[in-house]
Amino acid sequence: MNRTGPWDAIVVGSGLSGLTSAAYLAANGKKVLVLEQYDVAGGCSQTFRRKNEWQFDVGLHYIGGVKTGDISRVLKGLGLHDRIDFVEMDPDGFDTFVFPDFEFRVPKGWDNYLDRLVETFPDEEEGLRQCVGTFRDVVGDLAGSGIPGVDTDLADFVARAPNLVAWGMRSITELFDECGLGERSRAVLTGHAGDYATPPSRTPVVLHASLVDHYMQEGAFYVRGGGQVLPGHLIDVIHSNGGRVRTHAEVASINVVDGTATGVTLSGDETIEAPIVISTADIKRTFLDLLDPEVLPDGLAEIVDGYRMATPLVCVYLGLDFDLAERMPNTNYWRHSRYDSEEYYDFVAAEKFDPDPPVYITSASAKDPGSTGHAPEGCSTVELMTWATPSLEAWGVESEEAAGKYSKQEGYLAAKDKIVEQLIDSAEEILGELRPHILWKEAATPMTQTRYTQSTDGSSYGIELATDQFGPLRPDFKTAIDGLFLAGVSTRRGHGIVGAMNGGVESASAVLGRNLRHEIQGGAVFGDISRLTAGGEGWDALEACRKLQDKSARRIAAAAV
Ligand SMILES: Cc1cc2nc3c(=O)[nH]c(=O)nc-3n(C[C@H](O)[C@H](O)[C@H](O)COP(=O)(O)OP(=O)(O)OC[C@H]3O[C@@H](n4cnc5c(N)ncnc54)[C@H](O)[C@@H]3O)c2cc1C
């Protein structure tokens, strides 16, 4: 099928939210064009290679829900579930929290988790049972009732989801206080809170409970071959159902005439028309840059401008000359220098660097020993992450105007070097000496994230996942402008791989006026799955997602002949 425009729908951005949305629309008969400004599709789920020897993941290190949960359902609805392999992390300790004087290994299964918490803090048994019980009740209610929308009958919702209503949007600090928990058990309960990067005083109970549940239900997994495998398969669905993914295509404006979206104009002035536009680009850029202020409903620009972005991440990528699996079990380490995680965010609020930042340590080669692509034989990769202020001044970037050229500025290089060495110091405390073994080293900062995905303040989690910006308080998939829809991390299904993919399904549902989630749960598989070709021996996911502008141009030219 070699259909070109006119398009039924244009999706701005090829992260997992955009590709999932486009795949569901294409598989349901819509002619979809995905436009991606960078030259590799996949957004945060990308991998990148160095010297043809090392492969690193940007933003997919571990996920849950791949057997029967949300991610598996999203993949099943497109016929992809059996085409993608997942490798499980240690079920008895997929996350390992390292504190100054003890370690805690997080097992899968709510009962195992609670048992280990009680074993570690026997004096707090009652409070821990109350706290974990509340998490479970809240996610149970959420699964039964979903996120309320404008049409929801609130009295009915309160009756059906009493725990969600009572606790969901309150902070985990309030819940911990109510349960009388001490500093150390709170630190353990929030040991992996870098997965959403919000201080406990602003973290909604429903967010935290859902994150824990995501891993408790069936464990934590890595995608065999690396994160790029997911966008590679979604692109296959889009292309085999008559859609197109076009890279190197930056959307400069979303066009609206008489209150209705009419398409987009690319940087370079090409205008592409479609009656539906779905933006998965950063929410502030969507409303404040891509749309003419004149077309926005009164007050919307101020609301969007007022959103706080989630704290951005900093990542160090190392290639090592030995097999790290000899020193590291199949776990993620989270090293914490202190128990009160609120303090981490005091530094962020003060636009300063933490002198002893938390560090998350994960290794694709240790998680996925069966794949050959991560590192040369006998070698390994490791990724070290923390979260930090996005302040240009703190990062030594001279000015907003000079921000585009940040990477060569002396102040920036000094700030980056400092944090890189701090993270390596921390990793060495857990993994032993690394420095003499480093064959490849590079780092990504909030500025790097902005450069590659055009996100505000380098955030990869969208607007802060906080009590005043969560669930129904996040932007809906349908906007006030006819034909303009949203998906992506700032919308109602939230951030992360699961949030982005769920949001993709919701936005496609909003466009089609159907509830695709219910249809998938009922066993529906959309599109012609016999046409799918991605995967298998010799298939290279990164190559499948690269430089699609050339291929699109060739296909369009061929179709025109
Ligand atoms: C370091 C790091 C580690 C992470 N680890 C995990 C993890 O282990 N597990 C997990 O679940 N989540 C993790 N995440 C989060 C997760 O990767 C993201 O939340 C999710 O992938 C975001 O998907 P998205 O589609 O909403 O946005 P993105 O992936 O950011 O996609 C948006 C896309 O839109 C494009 N775009 C923007 N503006 C334009 C424009 N004007 N024109 C055309 N294209 C445009 C961007 O280039 C980008 O490709 C991590 C993220 C990072 C950065």
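Preceding this section is the structure that the text describes.
So, on to the overall build of the protein chain. Helices and strands together make up the secondary structure of the protein chain, namely 20 helices and 19 strands. Taking 561 residues into account, the globule formula puts the C-alpha radius of gyration at 24 Å, and the protein chain, at 23 Å, falls close to it. Considering only C-alpha atoms, the protein chain reaches an extent of 70 × 60 × 50 Å along its principal axes. In the protein chain, buried positions account for 57% of the 561 residues.

Another point: the site of the ligand. Taken together, 35 residues sit near the ligand, with Ser17, Glu36, Gln37, Cys44 and Gly59 positioned nearest. In the model, an oxygen atom of the ligand is placed 3.0 Å from a nitrogen or oxygen of the Gly496 main chain. The protein chains hide 94% of the 1,000 Å² of surface that the ligand would expose on its own. Only α1 (16-27), α16 (446-453) and α17 (496-512) provide two or more residues apiece to the shell around the ligand. Residues belonging to the shell around the ligand are distributed by class as follows: 18 nonpolar, 15 polar and two charged.

The axes of two packed helices give the description: the angle between them and the distance between them. Following both chains from N to C, one finds helix α3 (residues 110-120) and helix α4 (residues 125-145) inclined at 155 degrees, their axes separated by 10 Å at the closest point. Put simply, α3 runs roughly antiparallel to α4. Crossing of α3 against α4: the hand is right-handed. Residue-level inspection shows Trp110, Asp111, Leu114, Leu117 and Val118 of α3 in contact with α4, the latter providing Glu125, Leu128, Arg129, Val132, Phe135 and Arg136. When grouped by side-chain class, the residues that make up the contact of α3 with α4 number seven nonpolar, no polar and four charged.

As summarised here, the arrangement of the three strands in space is β10-β11-β12, forming an open sheet in which the pairing is antiparallel. Of all strands in the sheet, those bounded by a partner on one side alone are β10 (251-257) and β12 (271-273). Averaged over all pairs of adjacent strands, the angle between their axes in this sheet comes to 30 degrees, without regard to strand direction. Alignment of β10 against strand β11 (residues 260-266), held across six bridges, turns out to be antiparallel. Note that in β11 the partner of Ile254 across the bridge is Val264.

Here is what the cut-offs are and how they apply
- Residues numbered from 1 in each chain as written.
- Predicted model: local features only at pLDDT ≥ 70, side-chain atom pairs only at ≥ 80, totals over all residues.
- Heavy atoms only, no water.
- Helix = DSSP H or I, 4+ residues; strand = E, 2+ residues; numbered from the N terminus.
- Rg over C-alpha atoms; globule rule 2.2 N^0.38 Å.
- Buried < 20%, exposed > 50% of the residue type's maximum accessible area, 1.4 Å probe, protein only.
- Near = heavy atom within 4 Å.
- Polar contact = N/O pair within 3.5 Å; in protein donor to acceptor, adjacent residues only side chain to side chain.
- Areas by Shrake-Rupley, 256 points an atom, 1.4 Å probe, with all protein chains shown as cover.
- Nonpolar A, V, L, I, M, F, W, Y, C, P; charged D, E, K, R; others polar.
- Axes fitted to C-alpha atoms, helices over the stretch in contact; angles between N-to-C directions.
- Parallel < 35°, antiparallel > 145°, perpendicular 65-115°, else oblique.
- Left-handed = near helix turned anticlockwise from the far one by under 90°.
- Contact = heavy atoms within 4.5 Å.
- Pairing = 2+ DSSP bridges.

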